[in-house]
Amino acid sequence: MNRPASSADTSVDGKTTEAQRTGPGAACPHAESGAALASDQCPVSQMAADFDAFTGPYQVDPAEALRWSRDQLPVFFSPRLGYWVVSRYDDIKSVFRDNITFSPRNALEKITPATPEAMEVLKSYGYAMNRTMVNEDEPAHMERRRVLLDHFLPENLEAKQEMVRRLTREKMDAFIDSGRVDLVEAMLYEVPLNVALHFLGVPEDDIAVLKNFSVAHSVNTWGKPTDEQQVAIAHDVGQFWNYAGKIIEKMKKEPEGTGWMHETIRKNAEMPDVVPDSYVHSMMMAIIVAAHETTSLASANMFKTLLTHRQAWEDICEDPSLIPNAVEECLRYSGSIVAWRRQTTAPARVGDVDLPEGAKLLIVQASGNQDERHFEDGDQFDIYRDNAVDHLTFGYGSHQCMGKNIGRMEMRIFLEEMTRRLPHLRLADQEFSYLANTSFRGPDQVWVEWDPAENPERQQAGRARENLHFPVGAPSRRNIARKVRVTGVRKEADGIIGLSLEDAKGRPLPRWSAGAHIELCVGDYDRKYSLCGKPDATGYEIAVLREDEGRGGSRHIHEVVAEGMELRLRGPSNLFRLDEEASNYLLIAGGIGVTPILAMADRLKALGKDYAVHYSGRSRRTMALLERLEKDHAGRVTVYGKDEGRRADLAALVAGLPEGGQIYTCGPERMISALEDLTAGLPEGTLHFEHFSAHDTGLDPDRETAFQVELKDSGLTLDVAANETLLDAILAAGIDIACDCREGLCGSCEVEVLEGEIDHRDMVLTRAERAENRRMMSCCSRSQAGGKVKLAL
Ligand code: FES
């Protein structure tokens, strides 16, 4: 087929299609559905009317193109597209989560309706694309997924690592002495295709034909071809359909064949109700594209991104343990799945927008992946980001990409081999071009160059670096740490030192928001500290209280850390976010809890908000950051020194909180507990707090009880043994879930509870939240008395 124009050359400007006929300035879709809306709630703003998914900024950088939407109108109707566009992380996740209200049935629908001529062509081939795993509704989808999932589990993929590495090395051998190559052509297209065909058990003899078919399928489903292109594409798609049918017939004659499609064909024979004929043919066609095109595109994005951010490339060359998380950050920052689709089966609400039944949604993962409400400094590329794994590139829930761990593994092995054998690789001067479509994104070519004389394997020292061994699956958090240098150590108060930290190579550290913390790794100790410097500074400031009765970390830091020392650091992360929409704020700090409170006061001052700070401590001598607080926030700070006989009257403070006000507190447990009591009758969300330390959350298998957990979104039921945490059971089942402290302190492993009584053991939830029984921390909390628990996961 003739490839339709790429977004970097001419725009694909076909004739008017059905979806376009509404056009810019069309009436708000709510008006048609009869729903009455105040004028300021109309989801069709000028920006929404101008939104074009096929040309312009969205094709250049989808996340940046929707920045305005994330900030102003996170759910809007696009008259040009005929879809509701969803751009914020939480909203996208909530749509993925509910696959009943937000059906996947339109996921593979042609986004540009076929012309009558194209339809005729497709009919002439007997084209009958039906439901696949991607667009099947429940209950059929989960029943089928469970039957066909085994091949995709991490333990069953381990054996494939060797094959992927061998294929990668063979491709590299062919170009390593050339000094210049298009990586897509030379490696990134064919290796994923070969791996996919091997995994599926499909013959590898028609690679060139398959490439043509894959492009046709992508443009047919997600692109905007002209009328003439539609006919040409219809022929390609029709031939692809027949080709897939022939492969199936051939495979049916090989009952002992290995690979996932053979397994699917066997299940088709064993249980035709669960895996019907129509599914097998459609799946064969869809999976050939899904199993490799997305990995090829993601890999091309990855090399472009890493070589553009040279420092990140050099860091992974120097320290290959960073590679798995670099892959994850590339998937977040420039993943190959930009957007996906859903359709409402009933009137529904996303964010604060009501949608009618039948509404079509374009959920833009690329935008959610850079949403600052979830990712600190989200539009920056940072291979040290410790929640990169939260990205939505693979989707989420029961329809999450089954092949995610194959894709991750291939991308990681590409990086392991390339950084080992060609660390001096650089991006050549070039214009990047992309296939214009709503959903898949990756450059057509990535030209790179290098001096072969500098190849490590030609150097006198002889050998390139050895690879580490990484397990299949999401990256381990242990390896995600950046190097920083201590540039200042000073006494902040009795028993408290302040540390100034800068990037070890002098680069700016990531921006952070008020309430954020980092995890400092010193010797064998990893300890979390809130950031308390100026957010616009290039370095970080923290304050460390020496706790002689603690577990030894703070004592060690006090004893060994000195100016000039190099340390490792994770983060920043923010689990104590400031809601900047409140009318006024009460900030209450106890002791070293002043650190996040000071950052919040700085932020509120910058925003021009009404706030007051109440800071309690044993005496002024033991209270850190007091001087800065009183200087920068003069007139708003009240200090309570115990030795002066002054105590904060928490009841009076809470009673004086104006309506719509919020309280943020960090300090000793008894203070937080008292505030929880005092705010029990106030609206939900009034009190926000952060603890310093956890209770003992260690497991004693003699006292624990095993229980069962049903994961509704993933359609799985797991047994949690007495000697394992719920979190570990979930991770072992191949479900990606963020976790940080693993001791009930940080809130990152939170899961939504649908049924079951929970024994809450965390320090994150308020009493009211525990009583509601709708959330739990999977790293430490368990089922009450061994009863079954059902989670929205
Ligand atoms: Fe931090 Fe569970 S991982 S609360």
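Structure shown above.
Our subject in this report is the structure included herewith. (Residues numbered from 1 in each chain as written. Predicted model: local features only at pLDDT ≥ 70, side-chain atom pairs only at ≥ 80, totals over all residues. Heavy atoms only, no water.)

What follows covers the environment of E416. In this fold, E416 is placed in helix α21 (residues 404–421). A C-alpha to C-alpha distance of 32 Å links E416 and M133, two positions 283 residues apart in sequence. Discounting residues that sit within four places of it in the chain, E416 has contacts with R165, I323, R465, N467, L468 and F470. Within polar-contact distance, the side chain of E416 engages the side chain of R165 at 2.9 Å. (Helix = DSSP H or I, 4+ residues; strand = E, 2+ residues; numbered from the N terminus. Contact = heavy atoms within 4.5 Å. Polar contact = N/O pair within 3.5 Å; in protein donor to acceptor, adjacent residues only side chain to side chain.)

Throughout the structure, instances matching the rule amount to 67 salt bridges. Of the charged contacts, one joins R169 and E417 as a salt bridge, the two residues approaching to 3.1 Å between their closest N and O atoms. With R169 in helix α10 (residues 161–175) and E417 in helix α21, the pair connects residues that are 248 residues apart, well separated along the chain. For R169, a relative accessible area of 33% corresponds to the partly exposed category. Assessed through its relative accessible area of 0%, E417 is described here as buried. (Salt bridge = Lys/Arg side-chain N within 4 Å of Asp/Glu carboxyl O. Buried < 20%, exposed > 50% of the residue type's maximum accessible area, 1.4 Å probe, protein only.)

What follows covers the sheet that holds strand β17 (residues 584–590). In space, the five strands of this open sheet follow the order β19-β18-β17-β20-β21, with parallel pairing throughout. Across the chains shown, the open sheet's two edge strands, defined by having one partner strand only, are β19 (637–641) and β21 (687–690). The mean inter-strand angle of the sheet, taken between neighbouring strand axes irrespective of direction, is 15°. When β17 meets strand β20 (residues 662–666), the two strands line up parallel, connected through five bridges. Across the sheet, the residue bridging to A589 is C666, located in β20. Relative to β17, helix α23 (residues 594–607) is tilted by about 155°, and along the sheet it contacts β17, β18 (610–617), β20 and β21. (Pairing = 2+ DSSP bridges. Axes fitted to C-alpha atoms, helices over the stretch in contact; angles between N-to-C directions.)

Attention now goes to unusual backbone geometry. Put simply, E138 and P139 share a cis peptide bond, and its omega is 5°. Inspection of the secondary structure assignment puts P139 in the loop between α7 (116–124) and α8 (140–148). In this model, G571 is joined to P572 through a cis peptide bond whose omega is 10°. By secondary structure assignment, the location of P572 is in strand β16 (residues 566–573). In this structure, L625 is a non-glycine residue whose phi angle is positive, near 65°. One can find L625 in the loop between β18 and α24 (626–632). With a phi close to 60°, N773 is a non-glycine residue in the positive phi region. With respect to the helices, strands and loops of the structure, N773 is situated in the loop between α28 (767–772) and β26 (775–777). By relative accessible area, which is 14% here, N773 ends up buried.

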